[in-house]
Amino acid sequence: MKLVRKDLEKDNAGQVTLIPEEPEDMWHTYNLLQVGDSLRASTIRKVQTESSTGSVGSNRIRTTLTLCVETIDFDSQACQLRVKGTNIQENEYVKMGAYHTIELEPNRQFTLAKKQWDSVVLERIEQACDPAWSADVAAVVMQEGLAHVCLVTPSMTLTRAKVEVNIPRKRKGNCSQHDRALERFYEQVVQAIQRHINFEVVKCVLVASPGFVREQFCDYMFQQAVKTDNKFLLENRSKFLQVHSSSGHKYALKEALCDPAVTSRLSDTKAAGEVKALDDFYKMLQHEPDRAFYGLKHVEKANEAMAIDTLLISDELFRHQDVATRARYVKLVDSVRENMGTVRIFSSLHVSGEQLGQLTGVAAILRFPVAELSDQEDESSSEED
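Residues numbered from 1 in each chain as written. Predicted model: local features only at pLDDT ≥ 70, side-chain atom pairs only at ≥ 80, totals over all residues. Heavy atoms only, no water.

Okay, the domain arrangement of the protein chain next. With domains assigned, the protein chain is organised as domain 1 (2-129), domain 2 (137-268) and domain 3 (271-376). Each side of the interface is counted separately: domain 1 has 6 residues, and domain 2 has 7 residues. Taken over both partners, the interface formed by domain 1 and domain 2 buries close to 530 Å², and the fraction arising from carbon and sulfur atoms is 49%. It is Glu 24, Trp 27 and Gln 77 in domain 1 that bury the most area against domain 2; as a group they hold 73% of the surface buried on that side. The tally of links from domain 1 across to domain 2 stands at 0 salt bridges. For the pair domain 1 and domain 2, the number of links is 0 residue pairs in polar contact (both at pLDDT 80 or more). Per-element accounting of the side of domain 1 that touches domain 2 gives the leading share, 3 residues, to helix α1 (residues 24-32). When the residues that make up the side of domain 1 that touches domain 2 are grouped by side-chain class, the tally is 1 nonpolar, 3 polar and 2 charged. (Domains from an automatic or database assignment. Contact = heavy atoms within 4.5 Å. Buried area = accessible area lost by both parts, 1.4 Å probe. Salt bridge = Lys/Arg side-chain N within 4 Å of Asp/Glu carboxyl O. Polar contact = N/O pair within 3.5 Å; in protein donor to acceptor, adjacent residues only side chain to side chain. Helix = DSSP H or I, 4+ residues; strand = E, 2+ residues; numbered from the N terminus. Nonpolar A, V, L, I, M, F, W, Y, C, P; charged D, E, K, R; others polar.)

Quick look at the nonpolar core now. Membership of the largest hydrophobic core comes to 32 residues, with the highest contact counts inside it found for Met 142, Phe 185, Val 189, Ile 193, Phe 217, Met 221 and Phe 240. The leading source of residues in this core is helix α3 (residues 176-196), at 8 residues. If sequence neighbours within four positions are ignored, Ile 193 has contacts with Val 140, Phe 199, Phe 217, Met 221, Leu 233 and Phe 240. Among the nonpolar cores identified, the runner-up in size contains 30 residues, and Met 26, Leu 65, Ala 128 and Leu 349 belong to it. (Core = buried A, V, L, I, M, F, W, Y, C linked by side-chain atoms within 4.5 Å. Buried < 20%, exposed > 50% of the residue type's maximum accessible area, 1.4 Å probe, protein only.)

This part takes up the layout of surface pockets. The space that makes up the second largest pocket amounts to roughly 420 Å³. Forming the boundary of the second largest pocket are 16 residues, of which Gln 34, Asp 37, Gln 116, Val 323 and Arg 326 lie nearest the centre. Listed by contribution, the elements that provide at least two residues to the lining of the second largest pocket are β7 (110-114) and α10 (323-338). Of all the elements, α10 adds the most residues to the lining of the second largest pocket, at 4 residues. For the lining of the second largest pocket, the residue count by class is 5 nonpolar, 6 polar and 5 charged. No fewer than three residues from each of domain 1 (2-129) and domain 3 (271-376) sit in the lining of the second largest pocket. (1 Å grid on protein atoms, 1.4 Å probe; cavity = no way out; pocket = protein on both sides within 12 Å on 5 of 7 lines; lining within 4 Å. Points joined across faces, edges and corners; volume = space filled by probe spheres on them.)

Running from N to C, helix α9 (residues 296-304) and α10 cross one another at 30°; their axes reach a closest spacing of 11 Å. As judged from the angle between their axes, α9 and α10 are roughly parallel. In this structure, the crossing between α9 and α10 has a hand that is left-handed. Side by side, α9 and α10 meet where Leu 296, Lys 297, Val 299, Glu 300 and Asn 303 of the first sit next to Arg 328, Tyr 329, Leu 332, Ser 335 and Val 336 of the second. (Axes fitted to C-alpha atoms, helices over the stretch in contact; angles between N-to-C directions. Parallel < 35°, antiparallel > 145°, perpendicular 65-115°, else oblique. Left-handed = near helix turned anticlockwise from the far one by under 90°.)

So, about the pairing of strand β9 (residues 146-152). Where a strand is regular, its side chains alternate between the two sheet faces. When you tally the buried positions in β9, you get 7 out of 7 residues, the bulk of the element. Of the two faces of β9, the one lined by Leu 146, His 148, Cys 150 and Val 152 and the one lined by Ala 147, Val 149 and Leu 151 are each fully buried. Bridging between strand β8 (residues 137-143) and β9 involves 7 bridges; their strand directions are antiparallel. By the bridge assignment, Ala 138 is partnered in β9 with Leu 151. In sequence, β8 turns back onto β9 through a hairpin of 2 residues, with Gly 145 there showing a positive phi of about 90°. Where β9 meets strand β10 (residues 157-164), 7 bridges bridge the pair, whose relative direction is antiparallel. (Pairing = 2+ DSSP bridges.)

With that settled, the discussion passes to unusual backbone geometry. Even without a glycine there, the phi angle at Met 306 is positive, about 55°. With respect to the helices and strands, Met 306 occurs in the loop between α9 and β14 (308-314). The backbone of Thr 360 shows a phi angle near 75°, a positive value even though the residue is not glycine. Its place among the elements puts Thr 360 in the loop between α11 (351-358) and β16 (362-366).

The next subject is the sheet that holds β14. An order of β13-β16-β14-β15 is seen for the 4 strands of this open sheet, with the pairing classed as mixed. Strands at the two margins of the open sheet, each flanked by one partner only, are β13 (292-294) and β15 (342-346). Across the sheet, the axes of successive neighbouring strands diverge by a mean angle of 15°, strand direction being ignored. Note: β13 against β16, 3 bridges, orientation antiparallel. Its bridge partner lying in β16, Phe 293 is registered against Ala 364. Along the sheet, α10 contacts β14, β15 and β16; its crossing angle with β14, the most-contacted strand, is approximately 150°.

With that settled, consider the packing of aromatic side chains. How two aromatic rings sit relative to each other is set out by the distance from centre to centre and by the angle between their planes. Applying the stated criterion across every chain, the model contains 11 aromatic pairs. Ring geometry for Trp 27 against Phe 74: centres 5.5 Å apart, planes inclined by 45°, an arrangement best described as tilted. Pair noted here: Trp 27 is in helix α1 and Phe 74 is in strand β4 (residues 56-75), with a separation of 47 residues, a long-range link. Like Phe 74, Trp 27 is buried. An aromatic cluster of at least three residues, connected via ring pairs, comprises Phe 185, Tyr 186, Phe 217 and Tyr 220. The aromatic ring of Tyr 99 is capped on one face by Lys 84, whose charged end is 5.3 Å from the ring centroid. Above the face of the Phe 222 ring, Arg 237 is positioned so that its terminal group lies 4.4 Å from the ring centre. (Phe/Tyr/Trp six-rings, centres within 6.5 Å; stacked < 30°, edge-to-face > 60°. Lys NZ or Arg CZ within 6 Å of the ring centre and 35° of its normal.)

Here it is as structure tokens:
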């Protein structure tokens with residue numbers, strides 16, 4: 001994401017002009033937009049024209065509109081973002097108050113105006129505009145007959161390809177059908193890797209599986225690369241890292257990211273940091289439950305006691321349509337930071353973010369036990385239900 005201009009007043013009202021450059025920037029933009037914001041961008045409008053003879057025709061005209069945002073639709077797989085709203089600025093083709101849908105596009109700038117830019121939104125702009133926050137981890141999670149090729153970016157886990165091949169069982173004295181199907185499966189996974197992984201950006205490719213599937217696959221891939229003189233794979237051989245996972249399903253990626261060999265290799269990536277924080281929370285919940293809380297009311301009470309060491313919160317909560325509820329989450333984040341606590345904002349499109357979502361989306365690891373709060377745990381969780 002490229003920041004073109006930022007004009008903010010003392011009360012944090014104002015506007016920013018941005019240019020999304022990567023598909024992932026659409027996800028950042030989706031998290032910046034709120035109902036009631038003003039969005040100015042170039043768009044195409046179908047306009048009816050009447051000729052001097054009275055015949056009516058229609059033309060598609062590119063124009064710049066300013067909309068008051070009403071609905072926001074994001075397609076996470078295609079990374080497409082559509083924003084619907086009413087026109088709030090004079091335009092020769094579109095009447096004031098008329099509805100229009102703008103599809104935001106990569107490399108086309110837009111201007112977003114808000115009555116209040118809070119700390120969470122401003123931090124997201126900083127992250128989106130930092131070139132170091134790019135997709136630098138890829139993963140192949142596999143088992144016999146099933147593989148997922150994923151990109152792990154700082155904000156989301158994108159499934160780029162799913163490979164499924166029916167593998168017949170080995171029969172006594174005849175393994176040829178099984179071996180042929182397995183070879184066909186491996187070949188399709190290799191093709192998916194070459195098609196979807198950009199080795200100029202990716203620092204590490206995790207190959208995760210149960211049993212010996214990952215070893216057999218990597219042996220096959222590099223034997224074929226030597227036979228076919230595939231420099232693309234041979235030059236990047238050192239980037240492949242084999243780790244254990246319980247299955248070939250996408251959710252097993254969390255196990256692979258927890259592996260100590262992986263965390264040391266990926267220590268500088270946001271995704272690894274999120275996974276470690278969630279893992280620490282679960283360990284604390286198991287061994288010292290008085291120092292691990294979840295649920296908004298419960299975490300807020302811990303914060304009042306200035307007890308929060310690490311706050312784990314899902315970015316999904318900041319997309320809440322109710323302004324007061326959103327402000328409550330922002331206030332919690334700001335307060336934890338003021339008290340010298342660490343805040344980790346999890347992406348709801350990451351595997352770890354999905355897991356945090358199952359714990360209400362907000363959790364905290366405390367500096368010290370707060371025993372009197374744990375007595376209220378059942379009460380507060382039943383209220384939230």
